[in-house]
Amino acid sequence: AAAAGAVDGALDQLAKDGGRDADDMKRELWKLAEEISQALPSFRWSHSKPEDRERRPAEDHEKRIVGVWEYGPPGSMQCYEVVLEKWGALYWKEKDMRIDLLRKSKLRWRGEYE
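Since this is a predicted model, take the numbers as computed values, not measurements.

On to the environment of Asp 12. For Asp 12, the position within the fold is in helix 1 (residues 2–17). We classify Asp 12 as partly exposed; its relative accessible area is 28%. Residues Asp 12 and His 47, 35 residues apart in the sequence, show an inter-C-alpha distance of 7.3 Å.

Taking 1.5 Å of rise per residue, the 16 residues of helix 1 would be expected to cover 22 Å, and the 22 Å separating its terminal C-alpha atoms lies within 8% of that figure. Burial in helix 1 covers these residues: Ala 4, Val 7, Asp 8, Leu 11 and Leu 14. Along helix 1, the residues classed as buried sweep out an arc of 120° about the axis, all on the same side. Seen from the buried face of helix 1, the exposed residues on the opposite side, beyond 90 degrees, are Ala 2, Ala 6, Lys 16 and Asp 17.

The next thing to look at is helix 2 (residues 22–39). A rise of 1.5 Å per residue sets the reference length of helix 2, with its 18 residues, at 26 Å; its end C-alpha atoms lie 26 Å apart and thus fit the reference within 8%. For helix 2, the complete set of buried residues consists of Ala 22, Leu 29, Trp 30, Ala 33 and Ile 36. Taken down its axis, helix 2 places every buried residue within 120° of arc, on the same side. Those residues of helix 2 that are exposed and aimed more than 90 degrees away from the buried face are Glu 35 and Gln 38. Where helix 2 is buried, its residues meet helix 1.

Regular strands place side chains that alternate from one sheet face to the opposite one. In terms of residue burial, strand 3 (residues 90–94) counts as a mostly covered element, since four of its five residues are buried. As judged from the four bridges shared by strand 2 (residues 78–84) and strand 3, these two strands associate in the antiparallel manner. Note on strand 3: the bridge partner recorded for Val 82 is Trp 92. Hairpin geometry of strand 2 and strand 3 is characterised by an intervening segment of five residues between the two adjacent antiparallel strands and by a positive phi of about 105° at Gly 88.

A few words now on the pairing of strand 2. Looking at chain direction, strand 1 (residues 67–71) and strand 2 are connected through five bridges and run antiparallel. Counterpart to Glu 70 in the pairing with strand 2 is Cys 79. Taking the residues that link successive antiparallel strands as the turn, the strand 1-strand 2 hairpin has six residues, and the phi of Gly 72 there is positive, at about 85°.

With that settled, the discussion passes to the packing of aromatic side chains. All told, the structure shown has two aromatic pairs when counted by the stated rule. Linked through ring pairs, Tyr 71, Tyr 80 and Trp 92 together constitute an aromatic cluster. A cation over an aromatic ring shows up here: Arg 98 above the ring of Tyr 91, its NZ or CZ 3.6 Å from the ring centre.

Conventions we followed
- Here the residue numbers are simple positions, counted from 1 along each chain's written sequence.
- Where local features are concerned, this predicted model is filtered to residues with pLDDT of at least 70; where side-chain atom pairs are given and counted, the filter is 80 or more; whole-chain, interface and lining totals use all residues.
- Side-chain calculation: all heavy atoms of the structure are included, whereas hydrogens and water are not.
- For helices the rule is a DSSP run of H or I covering at least 4 residues; for strands it is a run of E covering at least 2, with both sets numbered from the N terminus onward.
- The buried label goes to any residue with under 20% of its type's maximum accessible area, the exposed label to any with over 50%, and the partly exposed label to all in between, with areas taken from a 1.4 Å probe on protein chains only.
- Each residue after the first adds 1.5 Å to the expected span of a helix.
- An arc is given here, and it is the one of the directions from the helix axis to the C-beta atoms.
- Should any heavy atoms of two residues lie within 4.5 Å, those residues are considered in contact.
- A pair of strands is considered paired only if DSSP assigns at least 2 bridges between the two.
- Geometry of aromatic contacts follows a simple scheme: Phe, Tyr and Trp rings, the Trp one being its six-membered ring, pair when their centres are within 6.5 Å, and the pair is stacked under 30 degrees between planes, edge-to-face over 60, tilted otherwise.
- Only Lys NZ and Arg CZ are tested; either one counts as a charge over a ring when it is within 6 Å of the ring centre and within 35 degrees of the ring normal.

Structure below.
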């Protein structure tokens, strides 16, 4: 019963204060609340469980940058290509130079020259 009261108090505090990570914390607290409800089915929570909203699938940024990219003055025929192999390897290619790209973060890659 003490655990149920603590979780209920934390949910109440999150409802008042909110904050940046409030949704994630509420989700975790409700997982605990479900476990507690199995042990104490008569406990009444002061807040209703939020509905699970569908998460958007993560955007595949590798597929967005694949292709031939031109640079320099129009008509200069200066270009490079970003290629995505079937097995997921991403590389940058210009003329006879090839650089393997390794993901550093969501929108940044690092290159290694072969």
